[in-house]
Every structure is written in structure tokens, then in C-alpha cells.
Amino acid sequence: MSKAKVVKRIGILTGGGDCPGLNAVIRGVAKPAHDHGLTVLGIQDGFEGLVEGKAIELYNKDVSGILTQGGSILGSSNKGDPFHWPEEIGDEIQILDRSKKAIRNYEAWNLDAIIAIGGDGTMHISNKLSQMGMNIVGVPKTIDNDLEATDQTFGHDSAVFVVSAALDRLRTTASTHHRVMVIEVMGRYAGWIALNGGLAGGADVILLPEFPFDWEIIYDKVEQRNLQGKRFSLVCVAEGAKAKDGEMIVKAKDIKRTDPIQLGGIAEHVSKMIEDNTGLETRYTVLGHLQRGGSPTPYDRMLSTRFGTFAINLAMNRMFGRMVALKGSEITSVTIEEAIKNQKLVTSDNSILHTALQVGVNFGVKELDHSVIRWLGKY
Ligand code: F6P
């Protein structure tokens, strides 16, 4: 591998599920890199491109005008894990280790470092490649905002904006028809999109993967609202939420993916249960990939640009094996190893959750009320 003192050639890739802001990071990396005379190689379709040898040189004109553009000009994949590489052999799919092939391409391209933009899965892969000697700098992306090492990942704010805008629209039709509206948002194990989007959009009930819910509490909440003359309710449910006596609703499984499970269906289930058990007319909406598409919010454009420029500075200073992170209002970095230790989940002592409880949001969990009392006691 390259032991060169001066970084001259860098690769950049976007891995895992896409989100608004990826192109803004690519731009934030490439513009200063070009200014410093570096060559930037865009590796296509995430780690898949690293294994299969797919890359194009990114010139200055290629990164111009992409700040506001959603998706990734490089493409992405959540099936390209070099350490978990699915290959069809005869009639069956075998999972193979193709990491050595990834390293060979890195060397053949004469790269001094790779900037890997991605979430939890991408950082796990980056950590393993880094242990094999590859020079990697990570940039944390995911609409889920579930990386413990950074206060915020880019993409989350844009997803929250979509959820809140959808709730605004659902409110008018819900109140006109006196209905309960259930909206399903992304978030498999972490409920940040549901919590932040639900609170911003004024949801009455928010159901999170972290807190299995009690059906009776939800029925009671929507019925009480009705009795108080508020003849509609908005329920925001994360795709990974489940009832106390239930399981997550899995829509499909695909062993080729880094995480084989595809979730979906909880809103339909919650909607039917509410209608059957309260008699209130109920409808559901699944927001799906609308949360991942389109232009990033101004906050995400800023965060992505700051992450990108910080990442190229780390690379030029040979600070490899590190991931860019937001701490408070400052950009800093942590080791990738540290970054992947814990998933950031919503906990009962979270202040946003407490804020939601104080404005009357119901989480379908009786025990949460006690934590509010404890929290208020601090003041
Ligand atoms: O991790 C981001 C995410 O959008 C999750 O919130 C969601 O469960 C998953 O990706 C969906 O992945 P896919 O687009 O592969 O179905």
C-alpha cells in the first residue's frame, strides 16, 4: 500500500442507502482537493465499485452545481460489502470475502486514501479495511441519525422536514373528515425520525422501536381526544416499532443486503387495530423513500459541506482511520473504531422525548410518564 508522505490521489465513495446531502459532501471534498492539486477518483456504487473496479475521475466541472442535488452522482449500494459478498454459484448464492480484491483495486488505482461516506454499515466495512492497512476517512451519513459518535448525521434534517411537511398535509384532511391518520416513517432500530419529525409535525401519538407500545394506551388517547372535541388524531409510527406482545413487521428478506431485513407494514396494522377497537375511522400513509429523496435542507447542505471539507483536511494531514463528527456546533473527528461501538437510540432520559411528553404526545408506554416527573424534579 501507498506509504507516500504527501497525499496526491484520493478515492471517494458513497455507501449504503442514499440520503440528501451526499453530493454536497462530494463537492466539499473535491473542491479543496482540486485546489491543492489532488486527483479525485469517484468510486461508483459504494464498496461494490471498489471490489468490481468501477471508478471515474472527478474533475472540477463534475462537482459544480451539485450542492443542492439529491442522491449521489457516484451511485450507492447496500449490497456491496467486500466481507459479505454475495455470488451466485450454480443454483445458490454464496457469501464470500472479497476484501483482498478491494485492496488490489485500491493499490492498482494508486490511491493514497479513500473518503467513505456512509452510515453504520459503511463505517463497519471501513474499520475492517482500515485494519487491513487501507487509509480511510469516514463521513457519517444516514437519515436515521443513529451514530453515537456524532451529534447529527447529514440527511436526518431533510428526512425530518419531509415527515413534518407530510403531517401538516395529513392534519388538514384528518380534521376535515374527523379521522385518525397513521403515518409510517423510516427508522428500523432507532426512532429519531419519528420522534423529531412527529414532534415538529404535531403528532398526537409517536411509536418508536425503542419502546414497545401498549395498544390500550393508544386507543385511550385517540378516544380521549375525540371526547374533548378534537375530532382527529395523528399517529406517527417508526417502521421498526412493535407492540409489547408483538414483533417488528418484516416485509421481505434479502441475504444479498448488508442488513437482510426490509421492514414495512406497521402503519397498516396500527390503523386497522385503532379502527377495529375504537370505531374511529382511520387511514394510513407510508412515507417510504420520499424521506430519502430530493434536495437537502439548508441545514444539511451546511453540515455536508462542513463534513466534506473537514474530511479532506483529515486525509491531507494523514489522519486516517478517523470519522468526521459534529460535537455541539463544532466539527471534529473520532476513530472509526470508536464511532461504530454504539448505536444511538432514543432513551427514556432524552430531553426531546421529554419535551414531546410535556406537550401531550403519547408514546403508547405508561412508564414514560414517570421519567418526565423525575426530569422536572431537576429544576
Ligand atoms: O438506513 C437508512 C434506511 O433508510 C432505513 O431507515 C430503512 O429501514 C432502510 O434504509 C431502507 O433501506 P432500502 O432502501 O434498502 O429498502
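Peer 1: Teacher, can you tell me more about the site of the ligand here?
Peer 2: Around the ligand lies a shell formed by Asn 78, Ile 143, Asp 144, Met 186, Gly 187, Arg 188, Glu 239, Arg 257, His 289 and Arg 292. The side chain of Asp 144 places a nitrogen or oxygen atom 2.7 Å from an oxygen atom of the ligand. Take Arg 292: an N or O atom from its side chain is 2.9 Å from an oxygen atom of the ligand. Split into classes, the residues belonging to the shell around the ligand amount to two nonpolar, three polar and five charged. Here the shell around the ligand gathers at least three residues from each of two domains, domain 1 (9-154 + 296-339) and domain 2 (158-293 + 347-376).

Peer 1: I'm lost on the packing of helix α7 (residues 215-227) against helix α8 (residues 266-278) in this one. Help?
Peer 2: Helices that pack against each other are described as a pair by the angle of their axes relative to one another and the distance between those axes. The interhelical angle for the contact between α7 and α8, taken along N-to-C directions, is 65 degrees, at an axis separation of 10 Å. In this view, α7 runs roughly perpendicular relative to α8, as classed from their interaxial angle. α7 and α8 meet at a crossing whose hand is right-handed. On α8, the residues touching Trp 215, Ile 218, Tyr 219, Val 222 and Glu 223 of α7 are His 269, Val 270, Met 273, Ile 274, Asn 277 and Thr 278. Of the residues that constitute the contact of α7 with α8, the class distribution is seven nonpolar, three polar and one charged.

Peer 1: Explain the nonpolar core to me, please; I cannot follow it from the model alone.
Peer 2: Core analysis: the biggest nonpolar cluster contains 64 residues, and Ile 115 and Phe 363 have the highest contact counts within it. Looking at which domains feed residues into this core, each of domain 1 (9-154 + 296-339) and domain 2 (158-293 + 347-376) supplies at least three. Among residues more than four places away in sequence, those in contact with Phe 363 are Leu 195, Ile 206, Leu 207, Leu 208, Phe 213, Leu 353, Ala 356, Leu 357 and Leu 368.

Peer 1: Would you take a moment to explain the pattern of salt bridges for this structure?
Peer 2: Pairing is possible between side chains of opposite charge, provided their charged atoms come close. Under the defined criterion, the tally for this structure stands at 15 salt bridges. The partner of Arg 292 in a salt bridge is Asp 18, with the nearest N and O atoms 2.9 Å apart. Here Asp 18 lies in the loop between β1 (9-14) and α1 (22-35) and Arg 292 lies in the loop between β13 (282-286) and α9 (298-316), a separation of 274 residues in the sequence. Assessed through its relative accessible area of 26%, Asp 18 is described here as partly exposed. As a salt-bridge pair, Asp 62 and Lys 61 come within 3.0 Å of each other at their nearest N and O atoms.

Peer 1: Whenever I open this one, the side chain of Asn 105 confuses me. Can you help?
Peer 2: Looking at where Asn 105 falls in the secondary structure, it is placed in helix α3 (residues 99-108). Of the polar contacts made by the side chain of Asn 105, one reaches the backbone oxygen of Val 51; its length is 3.0 Å. With near-sequence residues (within four places) excluded, Asn 105 lies in contact with Leu 50, Val 51, Glu 52 and Gly 53.

Peer 1: Got a minute to help me understand the sheet that holds strand β8 (residues 180-185) in this structure?
Peer 2: Strands sit in the order β9-β10-β8-β13 across an open sheet of four strands; the sheet is parallel. The two strands at the open ends of the sheet, each matched to only one other strand, are β9 (205-207) and β13. Within the sheet, the average angular offset between the axes of one strand and its neighbour, ignoring direction, is 15 degrees. Across six bridges, the pairing between β8 and strand β10 (residues 233-238) is parallel. Paired with Ile 183 across the strands is Cys 236, a residue of β10. Across the sheet, helix α5 (residues 156-177) is in contact with β8, β10 and β13; its angle to β8 comes to roughly 165 degrees. Together, β8, β9 and β10 form the strand contacts of helix α6 (residues 192-200), whose direction differs from that of β9 by roughly 170 degrees.

Peer 1: Is there a simple way to think about the domain arrangement of the protein in this case?
Peer 2: Bring the parts together and some accessible area is lost; that lost area is often taken as the interface size. Assigned domains within the protein: domain 1 (9-154 + 296-339) and domain 2 (158-293 + 347-376). Tallying the contact residues gives 19 residues for domain 1 and 16 residues for domain 2. When residues of domain 1 are sorted by the area they lose upon contact with domain 2, Asn 78, Ile 143 and Asp 144 head the list and together hold 32% of the total. Taken together, domain 1 and domain 2 are joined by three salt bridges.

Peer 1: Would you mind showing me how to read the pairing of β8 here?
Peer 2: Along any regular strand, the residues point their side chains to alternate faces of the sheet. For β8, a buried count of six out of six residues is recorded, marking the element as mostly surrounded by other parts of the structure. Because side chains alternate across β8, one face comprises the buried residues Val 180, Val 182 and Glu 184, and the other comprises Met 181, Ile 183 and Val 185, equally buried.

Peer 1: Before we go on, may I ask you to explain the packing of aromatic side chains in this structure?
Peer 2: What describes a pair of aromatic rings is the distance from one ring centre to the other and the angle between the planes of the rings. Throughout the structure, instances matching the rule amount to three aromatic pairs. Here Phe 154 and Phe 307 contribute two aromatic rings whose centre-to-centre distance is 6.5 Å and whose plane-to-plane angle is 70 degrees, an arrangement assigned as edge-to-face. Placement of Phe 154 in the loop between β7 (136-140) and α5 and of Phe 307 in helix α9 is noted, with a sequence separation of 153 residues between them. We classify Phe 154 as buried; its relative accessible area is 0%. According to the relative accessible area criterion, Phe 307 is buried, its value standing at 0%. Measuring from centroid to centroid gives 6.2 Å for Trp 215 and Tyr 219, while their planes differ by 20 degrees, and the two rings are stacked. Taken as a pair, Trp 215 and Tyr 219 lie in helix α7 at a separation of four residues, close to a single helical turn. Note on accessibility: Trp 215 and Tyr 219 belong to one class, buried. Among the aromatic residues, those joined into a ring-pair cluster are Phe 213, Trp 215 and Tyr 219. Taking the ring centre of Phe 232 as reference, the NZ or CZ of Arg 225 above it sits at 5.1 Å. Sitting above the plane of the Trp 192 ring, Lys 344 keeps its charged end 6.0 Å from the centroid.

Peer 1: Can you walk me through unusual backbone geometry in this structure?
Peer 2: For residues that are not glycine, phi is negative in most cases, and the peptide bond is trans in most cases. In this structure, Asn 145 is a non-glycine residue whose phi angle is positive, near 55 degrees. Assignment of secondary structure puts Asn 145 in the loop between β7 and α5.

Rules of the game
- Residues numbered from 1 in each chain as written.
- Predicted model: local features only at pLDDT ≥ 70, side-chain atom pairs only at ≥ 80, totals over all residues.
- Heavy atoms only, no water.
- Near = heavy atom within 4 Å.
- Polar contact = N/O pair within 3.5 Å; in protein donor to acceptor, adjacent residues only side chain to side chain.
- Nonpolar A, V, L, I, M, F, W, Y, C, P; charged D, E, K, R; others polar.
- Domains from an automatic or database assignment.
- Axes fitted to C-alpha atoms, helices over the stretch in contact; angles between N-to-C directions.
- Helix = DSSP H or I, 4+ residues; strand = E, 2+ residues; numbered from the N terminus.
- Parallel < 35°, antiparallel > 145°, perpendicular 65-115°, else oblique.
- Left-handed = near helix turned anticlockwise from the far one by under 90°.
- Contact = heavy atoms within 4.5 Å.
- Core = buried A, V, L, I, M, F, W, Y, C linked by side-chain atoms within 4.5 Å.
- Buried < 20%, exposed > 50% of the residue type's maximum accessible area, 1.4 Å probe, protein only.
- Salt bridge = Lys/Arg side-chain N within 4 Å of Asp/Glu carboxyl O.
- Pairing = 2+ DSSP bridges.
- Buried area = accessible area lost by both parts, 1.4 Å probe.
- Phe/Tyr/Trp six-rings, centres within 6.5 Å; stacked < 30°, edge-to-face > 60°.
- Lys NZ or Arg CZ within 6 Å of the ring centre and 35° of its normal.

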